[in-house]
Amino acid sequence: MFNQEMYKLGSHRSVIRELFEFGKKRMAEVGADKVYDFSLGNPNVPAPECVRAAIKELADLPDSTIIHGYTSAQGDAGVRKAIADSINARFGAGVSPDAVYMTCGAAASLTITLNALCEDGDEFVLIAPYFPEYKVFVTAAGGKPVVAAFDEKDFQPDFASLAKALSPRTKAVIVNSPNNPSGAVYTKDTVKKLCDMLRDASAKFGKPIFLIADEPYRELVYDDIEVPYLMNEYADTVVCYSYSKSLSLPGERIGYIALSPSLTEGASIYAAVCGAGRALGYVCAPNLFQRVAAKCVNALPDISAYRKNRDLIYGALTEMGYDCVHPDGAFYLFVRALEPDANAFAERAKALGLLLVPGDDFGAPGYVRISYCVSYDMIKRSLPAFKELIASYRAD
Ligand code: PLP
């Protein structure tokens, strides 16, 4: 009668959304000050001032068709040039404007890329912990997700597991650094090992294995940590970018795909990207925000509020005795649950008003994710509940 797979996806909310909805209901029942909602990755830092200025300037243009009309399917040529110029100035990557495709955020960047690459029987390797929607996106594109494990000591990939996950059917590996949900950033050494391994596997299987770099958190790093630009390290890289987090614009749906200048069959793959955009109906990303992105292309977010939040919550929780990986980027803290079942742990936390996301859907059972893109005050107020939670386990 209708598509049962789509029905399944649409009738079950993600765990994160479920928790967020529960939080809203609970706040109405017991008061907003008694619920500590750490569920969503919705930036609470305002968009940089240049965004407001760009919107005003564009809204005041005498000819409104410039901002409200269709652009080229792949995005306005001037916008794509501004983005390519910025990538090249910052990273020296040599990207052509004709290898940039404007999208409705990272979700669209990923789905378009996956549809452009995927052929029958293709596998896509996800390195845990991973953004849960990757499985949905890969499966919907006709591919098979294959999961590689992570090293619990530092949340870098487990290279033995990654080596096992690669096969002649592997089309691409998806990486996300800075990482949601762990906040870990892949080190230079990790990137080198990863790229060497993919080069060796590509040579062994006689075909390129692509690297899909999902980078919505690239600009959100602390303490001068460097995030290597993957195209400079690996020829067959496709960057999936979004302004959702870097410019705090998640509701505006704006991002891009950029293909490495040395991508195998790059011109044909760009045509396949355009074809996938067409097939999925992802043509002409929101015009106004394409232009805002171009005007703010070199703007950086004010991450001082996130850093302050990170220092507060990481410091307080580790002092209480929680075990968490030190987050160098993004705005997430990944904490080891105090019992093997993170769902049971999250339920106990919920009873104290703490909304934490169990790690199972991220491919990391036994952990919970805390999104600290919330007010400093809420984090401070939540600390007694975290204390009570750990005390309740010690009393067991
Ligand atoms: N990839 C990762 C790792 C994310 O965390 C998110 C959103 O939270 C996305 C992709 C989707 O981003 P967007 O809202 O730009 O589609």
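Let us look at the structure shown here. These numbers were taken from a predicted model, which means no experiment stands behind them.

1. Focus on the overall build of the protein chain
- Scanning the protein chain from N- to C-terminus turns up 15 helices and twelve strands.
- Radius of gyration (C-alpha) of the protein chain: 21 Å, near the 21 Å computed for a compact globule of 396 residues.
- Considering only C-alpha atoms, the protein chain reaches an extent of 65 × 60 × 55 Å along its principal axes.
- Expressed as a percentage of contacts within the protein chain between residues at least 6 apart in sequence, the contacts between residues at least 24 apart total 75%.

2. Some details on the state of the cysteines
- With the rule as written, the count across this model stands at zero disulfides.
- Take cysteine 240: it sits in no disulfide, and the sulfur closest to it among the cysteines is that of cysteine 104, at 14 Å.

3. Points about helix H11 (residues 266-280)
- Taking 1.5 Å per residue, 15 residues should reach 21 Å; H11 reaches 21 Å between its end C-alpha atoms and fits that length.
- Three or more residues of H11 are buried, namely Ile269, Tyr270, Val273, Ala276 and Gly277. Summarising the axial view, the buried residues of H11 lie within an arc of 115°, below the 170-degree limit, and thus occupy one face. Opposite the buried face of H11, at more than 90 degrees from it, the exposed residues are Ala267, Arg278 and Ala279.

4. What to know about helix H9 (residues 188-205)
- Under the 1.5 Å per step criterion, the end-to-end length of H9 is 26 Å for 18 residues, consistent within 8% with the ideal 26 Å.
- Listed in full, the buried residues belonging to H9 are Thr190, Val191, Leu194, Cys195, Leu198, Ala201 and Ser202. Each buried residue of H9 lies within a common arc of 130° when the element is viewed along its axis, so the set occupies one face. Summarising the geometry of H9, the exposed residues directed more than 90 degrees from the buried face are Lys188, Lys192, Asp200, Ala203 and Lys204.
- Looking at the buried residues of H9, the elements they touch are strand S3 (123-127), helix H8 (159-165), strand S5 (170-175), strand S6 (210-214) and helix H10 (230-233).

5. Describing the site of the ligand
- The full set close to the ligand counts 14 residues, and Asp214, Tyr217, Ser242, Ser244 and Arg253 are the nearest of them.
- Within the backbone of alanine 107, an N or O atom sits 2.9 Å from an oxygen atom of the ligand.
- Coverage of the ligand by the protein chains reaches 90% of its 390 Å² of free accessible surface.
- Comparing atom positions with the cavity grids shows the ligand to sit within the largest pocket.
- Counting residues per element, the shell around the ligand draws most heavily on helix H6 (residues 105-117), which supplies three residues.

6. A few points about the sheet that holds strand S2 (residues 100-103)
- Taken together, seven strands build an open sheet; the order of strands is S2-S8-S7-S6-S5-S3-S4 and the sheet is mixed. Either end of the sheet is taken by a strand with one partner, and the two such strands are S2 and strand S4 (144-148). Going from strand to strand, the sheet's axes swing by 20° on average, the running direction of each strand aside.
- As paired strands, S6 and strand S7 (residues 237-242) are joined by four bridges and run parallel to one another. Pairing of isoleucine 212 across the sheet is with valine 238, part of S7.
- Across the sheet, H6 is in contact with S2, S3, S5, S6, S7 and strand S8 (255-259); its angle to S7 comes to roughly 155°.
- Together, S2, S6 and S8 form the strand contacts of H11, whose direction differs from that of S2 by roughly 15°.

7. Side note on the packing of helix H14 (residues 342-351) against helix H15 (residues 376-395)
- Viewed as axis vectors pointing N to C, H14 and H15 meet at an angle of 120°, and their least axial separation amounts to 10 Å. Considered as vectors, H14 and H15 are oriented oblique to each other. The two elements H14 and H15 meet at a crossing, and its hand is right-handed. On H15, the residues that touch Ala344, Phe345, Arg348 and Ala349 of H14 are Leu389, Ser392 and Tyr393.
- Here the residues of the contact of H14 with H15 are counted per class, giving five nonpolar, one polar and one charged.

8. Things to note about the sheet that holds strand S9 (residues 332-336)
- Pairing is antiparallel across the open sheet formed by three strands, whose spatial order is S9-S12-S11. Each of the sheet's edge strands pairs with one partner strand only, and the pair in question is S9 and strand S11 (357-358).
- Two strands pair when backbone bridges link them, and S9 and strand S12 (residues 367-371) are joined in this way by five bridges, in the antiparallel orientation. Across the sheet, the residue bridging to tyrosine 332 is serine 371, located in S12.
- The sheet strands contacting helix H13 (residues 304-320) are S9 and S12, and the helix crosses S9 at an angle near 10°.
- Seen against the sheet, H14 touches S11 and S12 and runs at an angle of roughly 45° to S12.

9. Overview of the layout of surface pockets
- Space inside the largest pocket adds up to approximately 740 Å³.
- Among the elements of the structure, helix H2 (15-30), H6 and helix H7 (133-140) are those that each provide at least two residues to the lining of the largest pocket.
- At four residues, H6 tops the list of elements feeding residues into the lining of the largest pocket.
- A per-class count over the lining of the largest pocket returns 13 nonpolar, nine polar and seven charged.
- Residues lining the lining of the largest pocket come from more than one domain, with at least three contributed by each of domain 1 (4-48 + 302-395) and domain 2 (49-295).
- In this structure, the second largest pocket occupies an estimated 530 Å³ of space.
- Taken together, 20 residues make up the lining of the second largest pocket; nearest its centre are Leu9, Pro132, Glu133, Lys135 and Val136.
- Of all the secondary structure elements, the ones that give two or more residues to the lining of the second largest pocket are helix H1 (4-11), H2 and H7.

Reading the values: the criteria
- Residues numbered from 1 in each chain as written.
- Predicted model: local features only at pLDDT ≥ 70, side-chain atom pairs only at ≥ 80, totals over all residues.
- Heavy atoms only, no water.
- Helix = DSSP H or I, 4+ residues; strand = E, 2+ residues; numbered from the N terminus.
- Rg over C-alpha atoms; globule rule 2.2 N^0.38 Å.
- Contact = heavy atoms within 4.5 Å.
- Disulfide = S-S within 2.5 Å.
- Expected span 1.5 Å × (residues − 1).
- Buried < 20%, exposed > 50% of the residue type's maximum accessible area, 1.4 Å probe, protein only.
- Arc of directions from axis to C-beta.
- Near = heavy atom within 4 Å.
- Polar contact = N/O pair within 3.5 Å; in protein donor to acceptor, adjacent residues only side chain to side chain.
- Areas by Shrake-Rupley, 256 points an atom, 1.4 Å probe, with all protein chains shown as cover.
- 1 Å grid on protein atoms, 1.4 Å probe; cavity = no way out; pocket = protein on both sides within 12 Å on 5 of 7 lines; lining within 4 Å.
- Sits in = over half its atoms within 2 Å of the grid points.
- Pairing = 2+ DSSP bridges.
- Axes fitted to C-alpha atoms, helices over the stretch in contact; angles between N-to-C directions.
- Parallel < 35°, antiparallel > 145°, perpendicular 65-115°, else oblique.
- Left-handed = near helix turned anticlockwise from the far one by under 90°.
- Nonpolar A, V, L, I, M, F, W, Y, C, P; charged D, E, K, R; others polar.
- Points joined across faces, edges and corners; volume = space filled by probe spheres on them.
- Domains from an automatic or database assignment.

Functional significance is not addressed by these values, which are geometric in nature.
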